[in-house]
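Spelled out from the first residue to the last, the chains are:
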Protein chains: 2
Amino acid sequence: MTDDDLLARLLDGDHRALARAITTIENRAPGHRDLVSGLYDHTGNAEVIGITGSPGAGKSTLVDKVAKTYRDRGLTVGIIGIDPSSPFTGGAVLGDRIRMASNIGDMDVFFRSMSARGSLGGVSIATADAVKALDAFGKDRIIVETVGAGQNEVDIIKTADTVTVLLQPGSGDDVQMLKAGILEIADVFVVNKADLDGANRTVQELSEMIGLRGSAGDESTARHAGHHAGEEAVALQRTDADAEDESGWTPPIIETVATRGEGVEEFVDALADHRAHLESTGEIEAKRRARYAEEIRTLLREDTADLLAEEIDARGGIDDLAAAVAAGETDPYEIADDLLDPIAEYARRGRDTDA
Amino acid sequence: MTDDDLLARLLDGDHRALARAITTIENRAPGHRDLVSGLYDHTGNAEVIGITGSPGAGKSTLVDKVAKTYRDRGLTVGIIGIDPSSPFTGGAVLGDRIRMASNIGDMDVFFRSMSARGSLGGVSIATADAVKALDAFGKDRIIVETVGAGQNEVDIIKTADTVTVLLQPGSGDDVQMLKAGILEIADVFVVNKADLDGANRTVQELSEMIGLRGSAGDESTARHAGHHAGEEAVALQRTDADAEDESGWTPPIIETVATRGEGVEEFVDALADHRAHLESTGEIEAKRRARYAEEIRTLLREDTADLLAEEIDARGGIDDLAAAVAAGETDPYEIADDLLDPIAEYARRGRDTDA
């Protein structure tokens, strides 16, 4: 199958071509650049949702239920699960997902796991490109799922229009995740396992952290997700100005018990609310441009890293250069000047000629 | 003062020149490249110690006591404290340090705080360069102090020969920090506030995490830091092969109560042990070369980012490029090819000519 065939068949709705395209993208295999270039013209129709949370918070269960809800509403779904790179957090994720695929048993929920291994933008750009593939394919909703919290994960989750942070009651990990910068980029919070002791406290702490101060109920519009017998969970959507982002959006806190499907409809509605907000404020366009800018920057960095690696090899390799520094023969600044000055000079001349 | 004067005066032992040099380095101000190039010839004598830990673990108190211990042993000390960039973790650090400086009241403990704000290698290279300044100045011991845990912090702390991770009893943050990759790079662990409830459990958990399994006491050489009345804390230096790194070093766990100075001598001895290990195995040279390699790579990335920024500006700026993608006129891969192909071609021709 040639690259053009692959693109044509993907656009024609062939799931095997879609899978192969994502493999090409993930491996940065020959032809991936033209492939992704070709995808771009067909993108922009999907709603992209990012979901992050600590291991064990119930992320994959929630994602499965969300996918089912979308299917029930007649929408097609693509899911990209980022496999954690750390040996501490691996394990159950993939097992769950295989089960899910067989439960749902229809290809309109297309699940694909990608490795988080890799460095310096490589993962986030591959994820962004895989999202393009699902979008061009025609999936209505695309879910990108990562394990918090690290710069990699923050970068990946930024490929989404709507970012969800999933927490579970009484987890110290979650606080750490929020500290790592996830708090700032969350559009919707979910407190899963809301039937556990401490769920109310987690909601309360979260409310305080995102600037939702004051007692539950007042000045708020509440959404309800009856989550266990005789009690109703209150999903808060307050109107405090403190909690709003610059576009006027206040992240709601949704309580769910994903294993029983409780709160999932409310969560899906909250995602739709955020989408509507993005569209009514024009924020969706600003987000899209910011994302393209980031994609350009990341791609340039990645391409330049390849170019630098060639230059370093042409000078005997990084180990030889480091040994020369250790021997006092040169220093990193001399090496950088020697390597980049001619290139910079050439680029400057080119710009002067253009001008 | 010209740049040459600055270098000469720094090498001559002028603390004000040292402070100004670090400012020049931190701001990447004009002349910083030649300055650091000039420093390189005079480096290699200092022992560089990195200390990281969660906010509130007692890092600055411990560092102060360590500095005092070095001074008592007739050694000069330079300290670089990386100010956390997150609003969640700021605060007390600087207040403490001002107090410390006045307590010690001698310039042979030179403390300098640097901002962790900045991106993509900028912080870690500035830190590495500031270490060079302290080294060339003639400081015997250099301590780099960061707040864990993030990729930035991991990168920064790698500028040290010996990496210490400081934990406090019963902190969920610490587990998260370990997950973030600090565990792998720790040469010495310190459990501070060892007089608190739960200290033994933290030591135990830590032992298990670093592969020190089995009951306390057997197959181990123990170091003792009497840390509260009637009890002796056991600092474990086991010999289990599991816990050793590839060079044969097993990270010891030292218990301290930094506020009372307890365990500080033992900690300083452990740092000396690790240094002796690095030297006897030749590991110190390998570490130094690996660090130079990393410095070269980081510097090249930073310099290239500047070059790319110029190229992007020459094409109307990143916002215009992103808008062109949003309008469907181009895509990031076309932009990257357009921008980098001529440069890559030029670089390749240069290499062919050399060959």
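Residues numbered from 1 in each chain as written. Chains lettered and ligands numbered in written order. Predicted model: local features only at pLDDT ≥ 70, side-chain atom pairs only at ≥ 80, totals over all residues. Heavy atoms only, no water.

## A look at the overall build of chain A
Then comes step 1: Check the secondary structure of chain A and you find 13 helices and nine strands.
Then comes step 2: For chain A, the residues scored as buried account for 55% of the 355 residues in total.
Then comes step 3: For chain A, long-range pairs separated by at least 24 residues make up 73% of all intrachain contacts whose partners lie at least 6 apart in sequence.
Then comes step 4: Within the structure as shown, chain A displays about 14700 Å² of accessible surface, and the carbon and sulfur contribution to it stands at 47%. (Helix = DSSP H or I, 4+ residues; strand = E, 2+ residues; numbered from the N terminus. Buried < 20%, exposed > 50% of the residue type's maximum accessible area, 1.4 Å probe, protein only. Contact = heavy atoms within 4.5 Å. Areas by Shrake-Rupley, 256 points an atom, 1.4 Å probe, with all protein chains shown as cover.)

## Some words on the interface of chain B and chain A
Then comes step 1: Of the residues lining the interface, 59 residues belong to chain B; the matching set on chain A comes to 59 residues.
Then comes step 2: We note a salt bridge from Arg33 of chain A to Asp337 of chain B, for which the minimum N-O separation is 2.8 Å.
Then comes step 3: At the junction of chain B and chain A, the tally comes to ten residue pairs in polar contact (both at pLDDT 80 or more).
Then comes step 4: Elements represented by at least two residues in the side of chain B that touches chain A include exactly α3 (32-40), α6 (122-137), α8 (172-185), α11 (283-314), α12 (318-326) and α13 (332-354) of chain B.
Then comes step 5: Broken down by element, the side of chain B that touches chain A gets its largest block of residues, 17 residues, from α11 of chain B.
Then comes step 6: Counted by class, the side of chain B that touches chain A contains 33 nonpolar, six polar and 20 charged residues. (Salt bridge = Lys/Arg side-chain N within 4 Å of Asp/Glu carboxyl O. Polar contact = N/O pair within 3.5 Å; in protein donor to acceptor, adjacent residues only side chain to side chain. Nonpolar A, V, L, I, M, F, W, Y, C, P; charged D, E, K, R; others polar.)

## Looking at the packing of helix α4 (residues 59-72) of chain B against helix α10 (residues 264-281) of chain B
Residues and elements named next belong to chain B.
Then comes step 1: At a closest axis distance of 10 Å, the pairing of α4 and α10 adopts a crossing angle of 75°. One finds that α4 runs roughly perpendicular with respect to α10. Facing Leu62, Lys65, Val66, Thr69 and Tyr70 of α4, the residues of α10 in contact are Val264, Glu265, Phe267, Val268 and Leu271.
Then comes step 2: Looking at side-chain class alone, the contact of α4 with α10 contains seven nonpolar, one polar and two charged residues. (Axes fitted to C-alpha atoms, helices over the stretch in contact; angles between N-to-C directions. Parallel < 35°, antiparallel > 145°, perpendicular 65-115°, else oblique.)

## Concerning unusual backbone geometry
Then comes step 1: In this model, Arg28 of chain A sits at a positive phi of 50°, which is unusual for a non-glycine residue.
Then comes step 2: Looking at the element boundaries, Arg28 of chain A is found in the loop between α2 (15-26) and α3 (32-40).

## A closer look at helix α2 (residues 15-26) of chain B
Residues and elements named next belong to chain B.
Then comes step 1: Its twelve residues give α2 an end-to-end C-alpha distance of 16 Å, which sits within 8% of 16 Å, the value for a rise of 1.5 Å per residue.
Then comes step 2: Within the sequence span of α2, burial applies to His15, Ala17, Leu18, Ala21, Ile22, Thr24 and Ile25.
Then comes step 3: Backbone nitrogen of Arg16 and a side-chain oxygen of the N-cap are separated by 2.8 Å at the start of α2; the cap is Asp14.
Then comes step 4: Positive backbone phi, approximately 50°, marks Arg28, located one or two places after α2. (Expected span 1.5 Å × (residues − 1).)

## Regarding the relation of the copies chain B and chain A
Then comes step 1: It takes a turn of 180° to lay chain B on chain A, together with a shift of 0.0 Å along the axis; the resulting RMSD is 0.0 Å. In short, the pair behaves as if placed about a two-fold rotation axis.
Then comes step 2: Both copies present the same face, since 100% of the interface residues in chain B are matched by interface residues at the equivalent positions in chain A. (Least-squares fit on C-alpha atoms with pLDDT ≥ 70 in both.)

## Things to note about the pattern of salt bridges
Residue and element names in this part refer to chain A.
Then comes step 1: Enumeration according to the criterion identifies 50 salt bridges over all chains in this entry.
Then comes step 2: When the shortest N-O distance is used, the salt bridge between Asp303 and Arg33 registers 2.7 Å. Remark: Arg33 occurs in helix α3 and Asp303 occurs in helix α11 (residues 283-314); sequence separation between them is 270 residues.
Then comes step 3: Relative accessible area serves as the criterion here: at 21%, Arg33 is assigned to the partly exposed category.

## A look at the side chain of Thr127 of chain A
All names here are of chain A.
Then comes step 1: With respect to the secondary-structure elements, Thr127 resides in helix α6 (residues 122-137).
Then comes step 2: By relative accessible area, Thr127 is classed as buried at 0%.
Then comes step 3: Setting aside chain neighbours within four positions, we find Thr127 in contact with Ile80, Ile82, Met114, Val144, Ile156 and Thr159.

## Comments concerning a negative patch on the surface
Residues and elements named next belong to chain A.
Then comes step 1: A cluster of like negative charges, contributed by Asp3, Asp4, Asp5 and Asp34, occupies part of the molecular surface.
Then comes step 2: Examining the composition of the negative patch, we find that three residues originate from one element, helix α1 (residues 3-11), more than from any other.
Then comes step 3: Looking at where Asp3 falls in the secondary structure, it is placed in helix α1.
Then comes step 4: For Asp3, a relative accessible area of 40% puts it in the partly exposed group. (Patch = residues over 30% accessible without salt bridge, like charges linked within 9 Å, V, L, I, M, F, W, Y side chains within 5 Å. Lys, Arg positive; Asp, Glu negative; His and termini not counted. Charge placed at Lys NZ, Arg CZ, Asp CG, Glu CD.)

## A look at α11 of chain B
A turn of α-helix holds 3.6 residues, and therefore any two residues three or four places apart point the same way.
Then comes step 1: When the terminal C-alpha atoms of α11 of chain B are compared, their 46 Å separation across 32 residues agrees well with the 46 Å that a helix rising 1.5 Å per residue should span.
Then comes step 2: The positive-phi residue at the C-terminal boundary of α11 of chain B is Gly316 of chain B, with phi of around 100°.

## Considering the confidence of the model for chain A
Residues and elements named next belong to chain A.
Then comes step 1: In the predicted model, chain A carries a mean pLDDT of 80, and 76% of its residues have values of at least 70.
Then comes step 2: Mean pLDDT across the elements of chain A bottoms out in strand β7 (residues 220-228) (38) and peaks in helix α10 (residues 264-281) (97).
Then comes step 3: Confidence drops under pLDDT 50 across residues 85-104; counting only partners more than four residues distant or on other chains, this segment forms 25 contacts.
Then comes step 4: Across residues 212-241 the pLDDT falls below 50, and counting only partners more than four positions away or on other chains, this stretch makes 74 contacts in the model.
Then comes step 5: For this predicted complex, the interface score ipTM comes out at 0.78, alongside a pTM of 0.70. (pLDDT = per-residue confidence, 0-100.)

## Details of the pairing of strand β6 (residues 188-191) of chain B
Residue and element names in this part refer to chain B.
Then comes step 1: Residues of β6 alternate between two faces, with Val188 and Val190 on one and Phe189 and Val191 on the opposite face, all of them buried.
Then comes step 2: As judged from the four bridges shared by strand β5 (residues 162-167) and β6, these two strands associate in the parallel manner. From the neighbouring strand, Leu166 faces β6, where its bridge partner is Val190.
Then comes step 3: With three bridges connecting them, β6 and strand β9 (residues 253-255) associate as parallel partners. Along β9, the bridge assignment pairs Val191 with Glu255. (Pairing = 2+ DSSP bridges.)

## Digging into the packing of α2 of chain A against α3 of chain A
Residue and element names in this part refer to chain A.
Then comes step 1: One can describe the packing of α2 onto α3 by two numbers: an axis separation of 9 Å at closest approach and a directional angle of 125°. Relative to α3, the element α2 is oriented oblique. Judged by the twist between their axes, the crossing of α2 over α3 is left-handed. Across from Ala21, Thr24 and Ile25 in α2, the residues of α3 making contact are His32, Leu35, Val36 and Leu39.
Then comes step 2: Its residues assigned to classes, the contact of α2 with α3 comprises five nonpolar, two polar and no charged. (Left-handed = near helix turned anticlockwise from the far one by under 90°.)

## Topic: the pairing of strand β2 (residues 77-83) of chain B
Residue and element names in this part refer to chain B.
Then comes step 1: A large share of β2 lies buried, amounting to seven of its seven residues.
Then comes step 2: Alternating positions in β2 separate into two faces, Val77, Ile79, Gly81 and Asp83 on one and Gly78, Ile80 and Ile82 on the other, with burial throughout.
Then comes step 3: Where β2 and strand β3 (residues 109-115) come together, seven bridges link them in parallel fashion. Bridging across to β3, Ile80 finds its partner in Arg112.
Then comes step 4: The pairing of β2 with strand β4 (residues 141-147) spans five bridges and is parallel. Across the sheet, the residue bridging to Ile80 is Val144, located in β4.

## Observations regarding the environment of Thr159 of chain A
Residue and element names in this part refer to chain A.
Then comes step 1: Within the secondary structure, Thr159 sits in the loop between α7 (151-157) and β5 (162-167).
Then comes step 2: Of the residues examined, Thr159 reaches a relative accessible area of 8% and is grouped as buried.
Then comes step 3: Taking the C-alpha atoms as reference points, Thr159 and Ile49, separated by 110 residues in sequence, lie 8.6 Å from one another.
Then comes step 4: With residues up to four places along the chain from it excluded, the contact list for Thr159 reads Val48, Ser124, Thr127, Ala128, Val144 and Arg291.

## Let's talk about the packing of aromatic side chains
Then comes step 1: Across all of its chains, the model carries three aromatic pairs over all chains by this definition.
Then comes step 2: Each ring, one from Tyr40 of chain A and one from Tyr292 of chain A, has its centre 6.1 Å from the other, and the planes form 45°; the classification is tilted. Separated by 252 residues along the polypeptide, Tyr40 of chain A in helix α3 and Tyr292 of chain A in helix α11 bring together distant segments of the chain.
Then comes step 3: When its relative accessible area of 9% is taken as the criterion, Tyr292 of chain A is described as buried.
Then comes step 4: Both rings, one in Tyr346 of chain A and one in Tyr346 of chain B, keep their centres 3.9 Å apart while their planes meet at 10°; by these two values the pair is stacked. One end of the pair, Tyr346 of chain A, is in helix α13 (residues 332-354); the other, Tyr346 of chain B, is in helix α13, on a second chain.
Then comes step 5: Tyr346 of chain A gets classed as partly exposed once you look at its relative accessible area, which sits at 22%. (Phe/Tyr/Trp six-rings, centres within 6.5 Å; stacked < 30°, edge-to-face > 60°.)

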